[in-house]
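Below, each chain spelled out in residue letters.
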Amino acid sequence: MKIAVFAGDGIGPEVTAQALRVLDELSLPGLTLFEGDVGAVAYRRHGQPLPDETLEMARAADAVLFGAVGDFSCDDLPRHLRPEQAILGLRSELGLFANLRPAAGFPGLEHLSSLKPEIARSIDVLVVRELNGDVYFGDKGERASAGGREGWDAMSYNEAEVRRIAHTAFRAAMGRGKRLTSVDKANVLETSRIWRETVIDVAKDYPEVTLDHMYVDNAAMQMVKAPGQFDTIVTGNLFGDILSDQASACVGSIGLLASASLGERQTEHGTFGLYEPIHGSAPDIAGQDKANPVAAVLSLAMLLRHSLGREDEAVRVERAVEGILAEGIFGGDLGGNATTGEIGDAIVSKLLTIS
Ligand SMILES: NC(=O)c1ccc[n+]([C@@H]2O[C@H](COP(=O)([O-])OP(=O)(O)OC[C@H]3O[C@@H](n4cnc5c(N)ncnc54)[C@H](O)[C@@H]3O)[C@@H](O)[C@H]2O)c1
Ligand SMILES: CC(C)[C@H](C(=O)O)[C@@H](O)C(=O)O
Ligand SMILES: [Mg+2]
């Protein structure tokens, strides 16, 4: 089993280090780790945010554990050299079109949510975000206009792209509450019209799943008003990016939410995938031992489940995280004062008590 570890920038290495301590504690036989450069750190060392050797390392692995990329010092670089191109490049080059972003409350921690506890208690949603298309990967550029320089970005989805993410989402909904909400902006966008018609067509293969549709502006409002109404959400790249950050505040902190990015490639151990927190490099707290490593540790749990076929270990890691949160071990993002390292220590100790 090979895991490529790309820790990246800012708090990326800080939170990834804690996930690696947890992985070490599991002592999985036959596991080899490879470390590669991504993001601003890769740009400084190699002149590119996603060097060829990093991409090759990912291709040769069974899974990628990713930290975060992004650095304000790179804000003025041309787009293709920006750190964010590392994660966008990995997602597209590796065909990772399905981004699973679960957002469920931790029992007893409702008071940590930005919502009223009685509303927060109900949140248990899986956001299935399409990851290889949309306005992210359409043509873009700058041109002259009567109003001065004009930036433009083309948004599109074709039926094949919608079909494959819809199948992923319907299958995920089958394993959950059998309710799927497709989020779009079909009242305005042609992209969303094709999206909606295609999702409706795919629904014929899943008669047990109740499908409904919601415009993204309403979905954002409903996410804070009554998040418990959602079971599984399927949406495009941009809307999924935004709604998942929003869902994290409903749970309590962006430092709590993990993600899996999956494609079609199967290995002898499971589905090849890339696993990362939904948060970024958080330059405002980088280097201060303040970052919450829970999202990174829970990303490792998703890696164990989906790419290594290690459900038992995945559950153990999740229980350890739930355990330390139930004991009130929080960092500053949740109103506590535990450092990144102390939260990692607590998770590792808790793991030892769970068989
Ligand atoms: N996948 C990725 O690598 C990824 C994801 C999002 C943003 N980014 C990049 O990260 C940089 C910063 O972006 P941003 O500030 O918009 O988003 P961010 O997610 O990095 O931070 C947003 C806010 O949440 C806080 N936060 C984030 N993670 C936290 C954690 N684990 N513990 C405690 N607090 C945490 C930060 O301190 C900040 O206040 C940018 O360069 C952006 O492009 C990268
Ligand atoms: C860094 C950025 C390109 C990325 C995205 O927009 O997908 C991030 O916000 C995320 O959620 O992983
Ligand atoms: Mg995001």
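Residues numbered from 1 in each chain as written. Chains lettered and ligands numbered in written order. Predicted model: local features only at pLDDT ≥ 70, side-chain atom pairs only at ≥ 80, totals over all residues. Heavy atoms only, no water.

An unreviewed UniProt entry lists the protein chain under the name 3-isopropylmalate dehydrogenase, with Qipengyuania citrea as the source organism. Under Function (unreviewed entry), UniProt gives the following word-for-word description of the protein chain: "Catalyzes the oxidation of 3-carboxy-2-hydroxy-4-methylpentanoate (3-isopropylmalate) to 3-carboxy-4-methyl-2-oxopentanoate. The product decarboxylates to 4-methyl-2 oxopentanoate." Checking UniProt for the protein chain, the heading Subcellular location (unreviewed entry) contains the comment "Cytoplasm". (UniProt positions renumbered as here; feature names shortened; annotations may be inferred.)

Participant: Looking at this structure, I do not really get the UniProt feature "binding site: substrate" (unreviewed entry) in the protein chain. What am I missing?
Facilitator: The positions UniProt marks with the feature "binding site: substrate" (unreviewed entry) are Arg-91, Arg-101, Arg-129 and Asp-217. Spanning 127 residues, the annotated positions stay apart in the fold, the maximum distance between their C-alpha atoms being 26.4 Å. From the set just named, the residues that line the second largest pocket comprise Arg-91, Arg-101 and Arg-129. Mapped onto the fold, Arg-91 is located in helix α4 (residues 84-93). Residues contacting Arg-91, with those up to four places away along its chain left out, are Leu-96, Arg-101, Arg-129, Leu-131, Asn-132 and Glu-276. Tracing the backbone shows Arg-101 in strand β4 (residues 98-104). We classify Arg-101 as buried; its relative accessible area is 3%. (1 Å grid on protein atoms, 1.4 Å probe; cavity = no way out; pocket = protein on both sides within 12 Å on 5 of 7 lines; lining within 4 Å. Helix = DSSP H or I, 4+ residues; strand = E, 2+ residues; numbered from the N terminus. Contact = heavy atoms within 4.5 Å. Buried < 20%, exposed > 50% of the residue type's maximum accessible area, 1.4 Å probe, protein only.)

Participant: Explanation requested: the environment of Pro-49 in the structure shown.
Facilitator: Assignment of secondary structure puts Pro-49 in the loop between α2 (40-46) and α3 (52-60). The residues contacting Pro-49, other than those within four sequence positions of it, are Asp-37, Val-38, Gly-39, Ala-42, Tyr-43, His-80, Leu-81, Arg-82, Pro-83, Gln-85 and Ala-86.

Participant: Explain the site of ligand 1 here, please?
Facilitator: Of all residues adjacent to ligand 1, which total 21 residues, the nearest are Glu-84, Gly-280, Ala-282, Asp-284 and Asn-292. One nitrogen or oxygen atom from the main chain of Ser-281 is found 3.1 Å from an oxygen atom belonging to ligand 1. Backbone polar atom of Ala-282 to an oxygen atom of ligand 1: 2.8 Å apart, as the coordinates give it. Protein contacts shield 71% of the accessible area of ligand 1, which totals 800 Å² for the unbound molecule. Taken together, the residues of the shell around ligand 1 break down into 10 nonpolar, 6 polar and 5 charged. (Near = heavy atom within 4 Å. Polar contact = N/O pair within 3.5 Å; in protein donor to acceptor, adjacent residues only side chain to side chain. Areas by Shrake-Rupley, 256 points an atom, 1.4 Å probe, with all protein chains shown as cover. Nonpolar A, V, L, I, M, F, W, Y, C, P; charged D, E, K, R; others polar.)

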